[in-house]
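What follows is each chain in one-letter form.
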Amino acid sequence: MARILLGVSGGIAAYKALELVRLATGSGHAVRVIQTPASRRFVGPDSFVALSGAPVLFFEDEADPLRGAYPGEEPAGELPISHLALAERADLYLIAPATANTIAKLAHGFADNLLTAAALACRAPLLVAPAMNERMYLHPATQQALSQLKARGVQVIAPGRGRLASRGEEGWGRLAEPGELLARCEQALAGGDGHEHERSLAWLRGRRVLVSAGGTREPIDAVRFLGNRSSGRMGYALAGAASRAGAEVMLVSANAQLPAPAGVRVLAVQSAADLEREMIAASPSADLIMMAAAVADFRPREPADGKIKRAGRKRLTIELERTGDILAQLVGARRAGQLIVGFAAEHGEAGILEARRKLKEKGVDAIVYNDIADPTLGFDAEENAVTVLAHEGERRLARAPKPTIAEGILTALHELGATRQLADTSA
Ligand code: CTP
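Residues numbered from 1 in each chain as written. Predicted model: local features only at pLDDT ≥ 70, side-chain atom pairs only at ≥ 80, totals over all residues. Heavy atoms only, no water.

Turning to the overall build of the chain, a few remarks are in order. Along the chain, the regular secondary structure elements total 14 helices and 20 strands. Each principal axis of the C-alpha distribution contributes one length, and for the chain these read about 85 × 55 × 45 Å. Across the 427 residues that make up the chain, the buried fraction comes to 51%. Roughly 20,400 Å² of accessible area belongs to the chain as shown, and the carbon and sulfur atoms make up 51% of that amount. Taking the average location of the 50 positive side-chain charges in the chain and that of its 49 negative ones, the two points are 5 Å from each other. (Helix = DSSP H or I, 4+ residues; strand = E, 2+ residues; numbered from the N terminus. Buried < 20%, exposed > 50% of the residue type's maximum accessible area, 1.4 Å probe, protein only. Areas by Shrake-Rupley, 256 points an atom, 1.4 Å probe, with all protein chains shown as cover. Lys, Arg positive; Asp, Glu negative; His and termini not counted. Charge placed at Lys NZ, Arg CZ, Asp CG, Glu CD.)

Spelled out as structure tokens, the structure:
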């Protein structure tokens with residue numbers, strides 16, 4: 001458990017810093033917050049005080065009621081205490097969100113408020129998470145400032161691409177999600193240099209990746225179907241993460257209402273039979289196949305041509321037949337050097353045992369296990385928590401947004417040794 005100093009500068013994304021404080025304190029870390037005066041326009045100190053359990057500071061000449069102590073520590077007895085005690089005593093200093101203005105000041109060593117002064121005084125790892133609109137982020141002034149910071153050993157947590165906080169704006173510059181920010185802090189606290197992330201995904205560069213996502217729909221008649229609650233978010237997040245890491249990605253998507261991830265070829269399908277056909281057709285050239293779709297195990301044996309009428313019926317029986325097991329066919333047809341990953345959504349205590357059984361019996365290289373007992377996770381949810389099971393070990397990934405979980409899954413495949421069998425071992 002560490003003393004984390006969090007510097008919040010003035011951007012709309014400051015609201016995400018609240019969630020970060022909640023996650024970090026929930027993981028047992030002691031958090032103190034410094035805000036720039038401008039950030040007060042976006043999030044008031046009271047919210048940070050409530051979540052961190054400690055006062056928030058803004059100015060260099062401001063007395064710290066806790067005299068440099070972090071939550072859970074006794075304030076020092078004697079005065080004076082340096083106004084920079086918080087920075088000197090931190091195990092890590094994270095600035096999130098970091099605006100273009102704050103980044104420029106950090107690059108040049110300005111000390112015009114407590115946040116920037118603390119960055120000069122701090123000898124602990126410094127992490128900076130930019131958040132701003134795309135044009136400001138891509139401007140050479142900002143990019144040069146970030147390069148300067150990196151050259152000095154500052155870890156820059158790259159922003160994502162997507163909808164930005166300001167209404168109607170899209171692009172690069174979206175603050176990394178709170179779960180990722182915390183994960184990066186914990187890596188840095190464990191002695192990481194901030195490049196583990198890229199290294200652990202480097203094996204994907206130039207690979208061909210085939211992902212299935214979403215939930216299949218099996219027609220009952222011309223207007224009705226048997227379906228499931230899968231939104232496709234996990235598969236889309238995996239496809240996006242693999243593409244960002246330099247893979248050539250094809251996504252076979254069953255009924256997902258999501259935008260295509262950048263650079264990913266998306267093929268839309270509906271039924272298990274469609275999905276089966278497309279996956280089998282695309283599989284021979286894939287290096288990695290991830291079967292994240294929720295596939296119907298049964299389908300109506302004889303879907304009606306028109307619409308089944310209500311009149312004259314008291315009950316209706318629909319006979320179901322088995323669908324093909326796509327994963328089993330992919331495993332049966334696998335070529336040497338191909339990596340196949342299955343998914344298992346299970347319920348309750350025995351779930352992990354069931355997932356271990358599936359890993360052994362299905363002939364796959366790994367299983368991503370999802371406990372669906374918690375309705376706020378997994379199916380049709382923004383967040384997930386999974387366990388990656390490979391033949392040489394298991395890795396549990398704590399609750400986080402699906403894009404973070406996706407990178408965690410791809411990293412775990414590598415770290416658990418599953419990628420060793422990929423055809424060309426340059427990875
Ligand atoms: N799957 C598949 N074809 C099917 C059903 C499932 O390829 N007709 C894939 C899923 O995409 C998933 C994996 O198989 O990657 C495991 O799915 P799951 O439903 O957990 O497996 P089952 O063997 O059907 O087990 P259960 O009896 O628990 O339903």
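Past the structure itself, the notes keep going.
A few words now on the pairing of strand S9 (residues 208-214). Counting buried residues along S9, six of its seven residues qualify, which places the element largely inside the surrounding structure. In this structure, S9 lies alongside strand S12 (residues 248-254), joined through seven bridges in parallel fashion. For Gly214, the partnering residue across the bridge sits in S12 and is Ala254. Bridge analysis of S9 against strand S14 (residues 288-291) gives four bridges, and the strand direction is parallel. Bridging across to S14, Val211 finds its partner in Met290. (Pairing = 2+ DSSP bridges.)

In sheet architecture, strand pairing relies on hydrogen bonds along the backbone and comes in two forms, parallel and antiparallel. Spatially, the six strands line up as an open sheet ordered S3-S2-S1-S4-S5-S6, and their pairing is parallel. Of all strands in the sheet, those with a lone pairing partner are strand S3 (56-57) and strand S6 (155-156), marking the two edges. Relative to strand S2 (residues 30-35), strand S1 (residues 3-8) runs parallel, the two being bridged by six bridges. Each bridged residue has a counterpart across the sheet, and for Leu6 the counterpart in S2 is Val33. Across the sheet, helix H4 (residues 100-108) touches strand S4 (92-98) and strand S5 (126-130), and the angle it forms with S4 is around 140°. (Contact = heavy atoms within 4.5 Å. Axes fitted to C-alpha atoms, helices over the stretch in contact; angles between N-to-C directions.)

Before going further, it helps to spend a moment on helix H1 (residues 14-26). The first and last C-alpha atoms of H1 sit 19 Å apart over 13 residues, in line with the 18 Å expected at 1.5 Å per residue. Among the residues of H1, Ala14, Lys16, Ala17, Leu18, Leu20, Val21 and Ala24 are the ones counted as buried. (Expected span 1.5 Å × (residues − 1).)

With mixed pairing, the eight strands of this open sheet are ordered in space as S13-S12-S9-S14-S17-S18-S19-S20. Where the open sheet ends on each side, the last strands, each with one partner, are strand S13 (265-269) and strand S20 (393-401). Ignoring strand direction, the axes of neighbouring strands in this sheet form an average angle of 15°. Examined bridge by bridge, strand S18 (residues 366-371) and strand S19 (residues 383-390) share five bridges and lie antiparallel to one another. Bridged to Val368 within S19 is Val388. Relative to S18, helix H13 (residues 351-361) is tilted by about 160°, and along the sheet it contacts strand S17 (339-346), S18, S19 and S20.

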